[in-house]
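# Observations on the three-dimensional arrangement
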Protein chains: 4
Amino acid sequence: MDIIIGRGKTARRAYGIDEIALVPGTRTLDPSLADTRWTIGGIERTIPILASAMDSVVDVKMAGLLSELGAIGVLNLEGIQTRYDDPEPILDRIASVGKSEFVGLMQELYAKPIQPELIKQRITDIKKNGGIAAVSLTPAGASQYGNIVAEAGADLLFVQATVVSTAHLSPESVTPLDLQGFCQEMPMPVVFGNCVTYEVALNLMKAGAAAVLVGIGPGAACTSRGVLGVGVPQPTAIADCAAARDDYQQETGRYVPVVADGGIVTGGDICKCIACGADAVMIGSPIARAAEAPGRGYHWGMATPSPVLPRGTRINVGTTGTIEEILTGPAKLDDGTHNLLGALKTSMGTLGAKDLKGMQDVEVVIAPSLLTEGKVYQKAQQLGMGK
Amino acid sequence: MDIIIGRGKTARRAYGIDEIALVPGTRTLDPSLADTRWTIGGIERTIPILASAMDSVVDVKMAGLLSELGAIGVLNLEGIQTRYDDPEPILDRIASVGKSEFVGLMQELYAKPIQPELIKQRITDIKKNGGIAAVSLTPAGASQYGNIVAEAGADLLFVQATVVSTAHLSPESVTPLDLQGFCQEMPMPVVFGNCVTYEVALNLMKAGAAAVLVGIGPGAACTSRGVLGVGVPQPTAIADCAAARDDYQQETGRYVPVVADGGIVTGGDICKCIACGADAVMIGSPIARAAEAPGRGYHWGMATPSPVLPRGTRINVGTTGTIEEILTGPAKLDDGTHNLLGALKTSMGTLGAKDLKGMQDVEVVIAPSLLTEGKVYQKAQQLGMGK
Amino acid sequence: MDIIIGRGKTARRAYGIDEIALVPGTRTLDPSLADTRWTIGGIERTIPILASAMDSVVDVKMAGLLSELGAIGVLNLEGIQTRYDDPEPILDRIASVGKSEFVGLMQELYAKPIQPELIKQRITDIKKNGGIAAVSLTPAGASQYGNIVAEAGADLLFVQATVVSTAHLSPESVTPLDLQGFCQEMPMPVVFGNCVTYEVALNLMKAGAAAVLVGIGPGAACTSRGVLGVGVPQPTAIADCAAARDDYQQETGRYVPVVADGGIVTGGDICKCIACGADAVMIGSPIARAAEAPGRGYHWGMATPSPVLPRGTRINVGTTGTIEEILTGPAKLDDGTHNLLGALKTSMGTLGAKDLKGMQDVEVVIAPSLLTEGKVYQKAQQLGMGK
Amino acid sequence: MDIIIGRGKTARRAYGIDEIALVPGTRTLDPSLADTRWTIGGIERTIPILASAMDSVVDVKMAGLLSELGAIGVLNLEGIQTRYDDPEPILDRIASVGKSEFVGLMQELYAKPIQPELIKQRITDIKKNGGIAAVSLTPAGASQYGNIVAEAGADLLFVQATVVSTAHLSPESVTPLDLQGFCQEMPMPVVFGNCVTYEVALNLMKAGAAAVLVGIGPGAACTSRGVLGVGVPQPTAIADCAAARDDYQQETGRYVPVVADGGIVTGGDICKCIACGADAVMIGSPIARAAEAPGRGYHWGMATPSPVLPRGTRINVGTTGTIEEILTGPAKLDDGTHNLLGALKTSMGTLGAKDLKGMQDVEVVIAPSLLTEGKVYQKAQQLGMGK
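Residues numbered from 1 in each chain as written. Chains lettered and ligands numbered in written order. Predicted model: local features only at pLDDT ≥ 70, side-chain atom pairs only at ≥ 80, totals over all residues. Heavy atoms only, no water.

### A few points about the confidence of the model for chain A
Residue and element names in this part refer to chain A. On average, chain A scores 92 in pLDDT, and the residues at 70 or more come to 94%. Low confidence marks residues 379–387, where pLDDT is under 50. Its contacts with residues over four positions away, or in another chain, come to 16 contacts. Among the scores for the predicted complex, ipTM is 0.93 and pTM is 0.94. (pLDDT = per-residue confidence, 0-100. Contact = heavy atoms within 4.5 Å.)

Below you can see the structure in the form of C-alpha cells.
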C-alpha cells in the first residue's frame, strides 16, 4: 500500500499474467515425469483444469467428456440448460443472431424461468454417463435450488457470483445466503467464488469451502474492469489467496485448493497461475473452441443477458479441434491453445518441477510483454494490413 | 517529487484512470441498497453526474431531461445557444460539414457575437420546463455577463476555463475577474474550474466556490496534453483536490464537492473517479451519444473554434440510445456506456460501499491495462482486419 | 544508476517526452504576456525554434522566411544545396522516386562532390535577402570548409554529427577536428552537437561552444536507437545538459544555451522540452510540412544517403500550410502542429510562466501516455478499420 | 527478488531489449578503428555473429559463406539436412505449403528418421569447402550421434535444447547425457545451451563448456513464453551469465564466451546484447532473409515439427539481399537489418568502444520504447490503413 496516487490515497501495485514469466532453475525434468494430479472435494483428477460454468462451454455431454479425460466440467444450473427442455435450438439461435440484435435476444431467452425438474434431470444425465456432476448456482439460486441439487446427488456444487463475501447485505425482504450454514447443510462439497483477497479467501475457507475460485476482473479487457472499474490482476490475487490457503491449513490441517478463474487463454497462462500458487485453473474460452462445445464456436458470459446492465458480449472464438486435442493433444495448432496438459508438463519439465507443489515454488520474474512500435509493424504486416 | 528525470529536474509519478482498478472488500451489498445522492450548491441530486457545458451535449431540452432524471446539465452560455436565436440549423451545418472544412466553419460560426438577451432567454426556458438552470461562462464572460445571469435567476453558475487560478495576470488594459469578489456578488452558488492541484483547489474553495471542477489534460489523448504539454492524470488530480476539500472542511466546516471533469467514458471510469475521492463527475461524450443530444451524434470541445489556436476536433461518437438508457438504463449496449447509474450501484454493491462517502474509501490497486501483442492480434481479428 | 539489469550491470531510468506532462501552478497568465525571447551567439530571436539543417527542411529561401518570422533556419552545407548548382530538379527527383529505388538514388545523388564555391554562394544569398546565415557542417567538413564559411561571413556555424565528443579517435592518416582550436579560429560563434550527457555538454562548453545541441536517439522510433542501439530519451538528456549549462555559467559567467534537437513534433513537445531545461528547440519534420519547404512534402535525414550504412528513410509528411501558419498561426489544423509559437505562449500562460526561464521551472509530472486496448479500438474505428 | 506479486510470492524485475538503450561517453572513435574480433573454442573470428542451427537458416553452402565472411554458421544435425539425402525438394515443399496444412506437413517431414551417414557427409562437405564445421545436436542426439560427429571431424559441437541443465531427470529407461563426461570425451570444443541464470551458466562452464548460449523465451512474443510461460528478458539473462563467466575466469583462468541467442533482429539489438555482457550473438531470422538461405524467404523453429506440442510457426520473412549485404554491407535497406557488422562498428565508434570488451562496459539506460497512441496513428497512416 505504499504507492501514492495523490494526497490521502495510496495503492498497492498488482501484477498481471502478461507481466510475469517463469525462470528455469538448476534442474530439468523429462515432461513424462511431471505429476499433475490434484484433489478437489475428495475427488482426485489428473488434469488441474475445470471448464467454466458457462452455457457456451459445458453441457451434459461436455461434462462427461471432460470427466473421462481427467478434468472436470461445471454445469451452469441457471442458464439455457435448466430453462429449456431442449437447449439445442436455443443455442442455434444464439449462434446465428446478428450482432445488433444479440443483447435483446439474450435478455429475452434468459427471461424464461428456471425449471427445477430440469436441474434434477441434467445432474442425473451427467451421472448416468459416468461423469462427475459438478454444477453451479448463484448465491440466490443456492438458497432456492440447493435442496434439489442435493437430492439429485450432485458431486460438487459451485456457489459462484462475480464477487462473493461472507457478509452480504440484502434488502430487508430478502434473506441472504448464509454460506457457512449452507455448507453444513449440503451433503456434497461446496466451492465458493469469486474472491481476490486474503481476507475473503480465508473467510470462505472458514465457512467450509471445499475450494475457492479466485478471479475478479483479472484482465484489463474484463467486463468487470470496464463497466464497474473493479478487478485485481490474477497473479497478485492468486498469491494472496494461496497465502490464505497455506495459513488456513497450518491452523486447521485442512487444505482448501485455490482455483484461478478468469483471464486464462494459453498453456503459458495456466503455468503462470500455478507458479503463483494456484492448485488448478478454471477456463472458458479455450474450451468453447472445442468441436463438442455447446457454444458452436461462440462464447459469452453469464452477465451478458442481464436485463438492466448487460455486460460482456458474444465472441466468435471459432472451433479449432476436439476437446481431446485441446486438453491432452496431440496439438494441431502451434499457438499454445492445443494440448494444454502437454504444455503444463513440458513447462514443469523445463522448470524442474516434479509436481504441482513444486510448480508453485518456481521462480517468477517481472517481464512485461509490452507492445513496441516494431512489433505493431511486424504484426500489421503478418495480418496483411497496409501495403 | 522523488523521481529524477535528469540532474536538477525531479518529478512526481501521477496515475491515470487506465492504471487503477478497485478491490472488493470483505462485505458486499445488494445494488438496490447503494445510496448515490449528493449535493451541490444546496441542490440534492440522486445521480452524481453532470453533463458538460458543451454545445454538442447540453441545450435547453437536454437540461430539462437531465434534471428530471436526477442529474444536472450545464448549459454553455458562450456557444451556439447564445450566439444564434435558432441554434438548430447551425447544429445541422456542424453535423454535415466535411472534415477538411470543419475548422474553418467552426471559426466562422463562433465569430458571431454573443447576444445578451439570448442568455436570459435560455435560462428562463430551462426554468420554465422545471429544470435546474445550471449555466457556464469563462472568467472573461463572467465579468461581462455575470449580472445578466444573476438577473435571469440561474440556479448554479459554472465559471470555467481550461485552467483557472486565483492569481491571473492580464494585460494592463484588462481587469481580470476577482473570483472571491464575484462569488460574494452573485446571488447563486458559483462553481470554479478546472484545477488539478491541492493548492489551487484550496484557493478556489477559499474564494467561495460552491464546488470545484478537477481535470486538466487528464488523458494522454487530451488536447491540452498534445498541443500544450499540460496535464495531470485524473486519479492523482482528484485525490489531491479531495484532500484540499477535506482539509478545508476540517478548518471551516464547509464541504465543497469535488467534481471530476474529463477523460471519463465508461461506468468503470465514473466508479474509479469516485473511489479516488470525487463527489461527482462531469461527462461530455457519453451524453453526446444520446438521441436527444444537440450534437446529432457529433461531439466537439470549446477550444475547437479558437480563431488562432484551434484544439481538439469534431468526433463522430454516434447515437446509441436515449438519455434515459444512458443514465439509468435499462442498457441496450453491453460495453459500459449505458445505464451509468446502474453500473455505479452495481460497483458499489460489489465493493460493499453503502454511499458515495463509502465509495471514496474503497481500496485501489495499481493495475495497468497495458496493451500486449496478443491483445492487438485478437482485437485486429475481432475488427475483421487482416486475413 | 541504481536499477539492476542483471549481476554486474546497472542502469539509470531515463524518461521520454511521452512519459511526462506539465502541471499548472497557482498563477496563470494571459498568453500575450508570455515572453519567448532567447539569444544564441549574440543574436536575439523572438521564437525559440531552429529549423534543422536537413535538405528537406531548409534552403536559402526558407532560411530567409524563418529569419523574418523571428526564428532561425540552419542550412546544411554538405547536402544537395552545395553539391548541385540548381538543387530544384534534384529535389524533384527525390520527391518522385519510388520506394524501392529510394536508397539507391540517395546514395547516387549524395556521391557527387561538394562544390566549395556553392558554400560561399548559399551563404551570400541568405545574407543578401536579409536572413541570418546559420549553416551546418560535420566535424570532418568543418576541418575542410571552415575557412570558406568564415570568409563567406556566416553568422552562426553548427558543427554537428550524430554524436560529438571532445576526444575523437581517428585513423592515423586523419587529423580529427580540434573543437577548441576551431572555435578560437572561427570569427563567428560555433555551435556543437549532438550530445546527451552532463560531461560531454560541459566539455563542449569549455571548448567554446556558443550553444550545444542535445539529442541522440531521443525517441524509440529513432534510427540511432534501431540501427545502433544508441539513445537517451530527450527530457533526461535535456535536464542533464541544462545542469551542465547552469554549472558552467556559475563557474565562468558565460551562458551557453541548450537546444533540444530530435523527437519533437507538436507544440506540446516543445513546451515539455523547455520545461525540462532547454532554451530552444531544433525541429525538422514540422517545418518540412510547410508549403515553402524544399522537401516538397517529404522528409529525410542526413544518415539516409550513407553509402555503407544508410539509416532512416524518406517519410511523406505532406504539406499542411504555410511556414507562417506553422510557426505563428493562425492555425488551420487542430492537432498541435500549427501555430507552434501560439501553443508555447498559451502553455506558458496556463502554467504561469512569464518567460522561458520561468518555463524551465514549471512542475513536471510522470504521466505515461500508454496505449490501452480501449484506445486502440477507438482509434481503429476512427481510422475506419474493421467493420 | 524484492517485488511483491502477492503475499508469499516475490519476484525480480527483468529488462528486455526494447527497454534499454546505450549512452555515448566522453570519447568517440572512427568506426574503422573498432575491433570486433572474438574467439570461440580456439577459433578466432572477426564478426561476433553465429547463424542459428535452424533448417531455414544454415545449410552446407551457407556455412561456407558465413565462414568466409568471418562469422560462423551452425548446422542443425537433427533436421531436414540429415533426414533427407537431397533436402532441396523438401525445402521447396515447406516454402510452398498453405498455412492450414503447415503443421501437419512439418510433423510428417520431421518424422523421417535421421540418417547417421548424412551427419558425416554434411560435416565433410562443409570442411571440403574450407568452412568451419560447427554443428548442433540435442542432448539426446548428442548421446546417440556424438561419436559420429567426432569421427567426421567437426570443429565445434553445439549441444542445445530450449532449456539445458547439468541435473536432468529422465525416465528410468533412459540415461541422461552427462554433460561433463561428454565434454571430456569429445575431441572438439562443445558449446552448451540454452540457459538464463548465473547458476546454470556457471554449472555449464564447470562441465567444460567452450561457450554457453544464453536465451530462453527472451521476448514477449516467444513461443516459450506463450506456450510454456517460461522466459527471461535477454539483457537480464546476459548480464547474469556474463557475471558467471567473469567469476569463473577469475577462479579458473579460463574464459568461456557468452553467446546471446534469441530475440535479436536489428543491428541495435546486437549492440545492446554485447553492451549487457555478451561476447557474441546467435541470430536466425536476420540470416533467413538472405538470398542464399535455405528457407527460401521462410523461417521456422525447431519446436515447430513436434508431434505432440508443436510450437512457433513458419514466418514469411522475405528475401532482402545477399548474406554479404546482410552481414558486412554495403546496406541496401535503411532499417537496421543490413550491414550488421557496420552497425556494430558504427555503434562502437559512437560509444567510444575500441573492442568488444570496451563495448561490454558502455553505459546502459532504461528507456522503454513504449507504444503511444500518437505512434499507432502515425504508423497506421504510413501503412495506408484507414482513410
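That was the structure; now back to the text.
### Let's talk about unusual backbone geometry
Cis rather than trans, the peptide bond between Gly193(A) and Asn194(A) has omega equal to 5 degrees. By the element assignment, Asn194(A) lies in strand β12 (residues 190–195). A positive phi angle, near 55 degrees, is found at Arg296(A), a position not held by glycine. The residue Arg296(A) is located in the loop between α12 (285–288) and β16 (298–299) in this model. By relative accessible area, Arg296(A) is classed as partly exposed at 30%. With a phi angle near 55 degrees, Asn339(B) is a residue other than glycine that sits in the positive phi range. Along the chain, Asn339(B) falls in the loop between α13 (323–327) and α14 (340–351). Judged by relative accessible area, Asn339(B) falls into the buried class, the value being 4%. (Helix = DSSP H or I, 4+ residues; strand = E, 2+ residues; numbered from the N terminus. Buried < 20%, exposed > 50% of the residue type's maximum accessible area, 1.4 Å probe, protein only.)

### Thoughts on the packing of aromatic side chains
Under the criterion given, the structure shown has 0 aromatic pairs over all chains. When the ring centre of Tyr15(A) is taken as reference, the NZ or CZ atom of Arg13(A) above it lies at 4.4 Å. Here Arg7(C) stacks its cationic end above the ring of Tyr198(D), 3.8 Å away from the centre of that ring. (Phe/Tyr/Trp six-rings, centres within 6.5 Å; stacked < 30°, edge-to-face > 60°. Lys NZ or Arg CZ within 6 Å of the ring centre and 35° of its normal.)

### Re the relation of the copies chain B and chain A
By a simple turn and slide, chain B fits onto chain A: the slide is 0.0 Å along the axis, the RMSD is 0.0 Å, and the turn is 90 degrees. Taken together, these values place the two copies in the relation of a four-fold axis. The share of interface residues of chain B whose copies in chain A are also at the interface is only 12%, consistent with the copies meeting through different surfaces. (Least-squares fit on C-alpha atoms with pLDDT ≥ 70 in both.)

### Things to note about the environment of Gly349(D)
All names here are of chain D. Counting through the fold element by element, Gly349 comes out in helix α14 (residues 340–351). A relative accessible area of 2% means that Gly349 is categorised as buried. In this structure, the C-alpha to C-alpha distance between Gly349 and Ala260, residues 89 residues apart in sequence, is 22 Å. Discounting chain neighbours no more than four positions away, the residues touching Gly349 are Thr28 and Leu29.

### Examining the relation of the copies chain B and chain C
With an axial shift of 0.0 Å and an RMSD of 0.0 Å, the rotation relating chain B to chain C amounts to 90 degrees. Different-surface contact between copies: only 15% of interface residues of chain B are shared with the interface of chain C.

### Remarks on the interface of chain B and chain A
With 67 residues of chain B in contact, the opposing surface of chain A contributes 55 residues. Taking both partners together, chain B and chain A bury about 4800 Å²; carbon and sulfur atoms supply 64% of that area. The salt bridge partner of Glu199(B) is Arg7(A), with a shortest N-O separation of 3.2 Å. Applying the counting rule to chain B against chain A returns 22 residue pairs in polar contact (both at pLDDT 80 or more). Element by element, the count of residues in the side of chain B that touches chain A is highest for α14(B), at 6 residues. Classifying every residue of the side of chain B that touches chain A by side-chain character gives 32 nonpolar, 19 polar and 16 charged. (Buried area = accessible area lost by both parts, 1.4 Å probe. Salt bridge = Lys/Arg side-chain N within 4 Å of Asp/Glu carboxyl O. Polar contact = N/O pair within 3.5 Å; in protein donor to acceptor, adjacent residues only side chain to side chain. Nonpolar A, V, L, I, M, F, W, Y, C, P; charged D, E, K, R; others polar.)

### Some words on helix α11 (residues 267–275) of chain B
All names here are of chain B. In terms of burial, α11 is a largely internal element, 9 of the 9 residues being buried. Every buried residue of α11 is listed here: Gly267, Gly268, Asp269, Ile270, Cys271, Lys272, Cys273, Ile274 and Ala275. At the C-terminal side of α11, Gly277 shows a positive phi close to 125 degrees.

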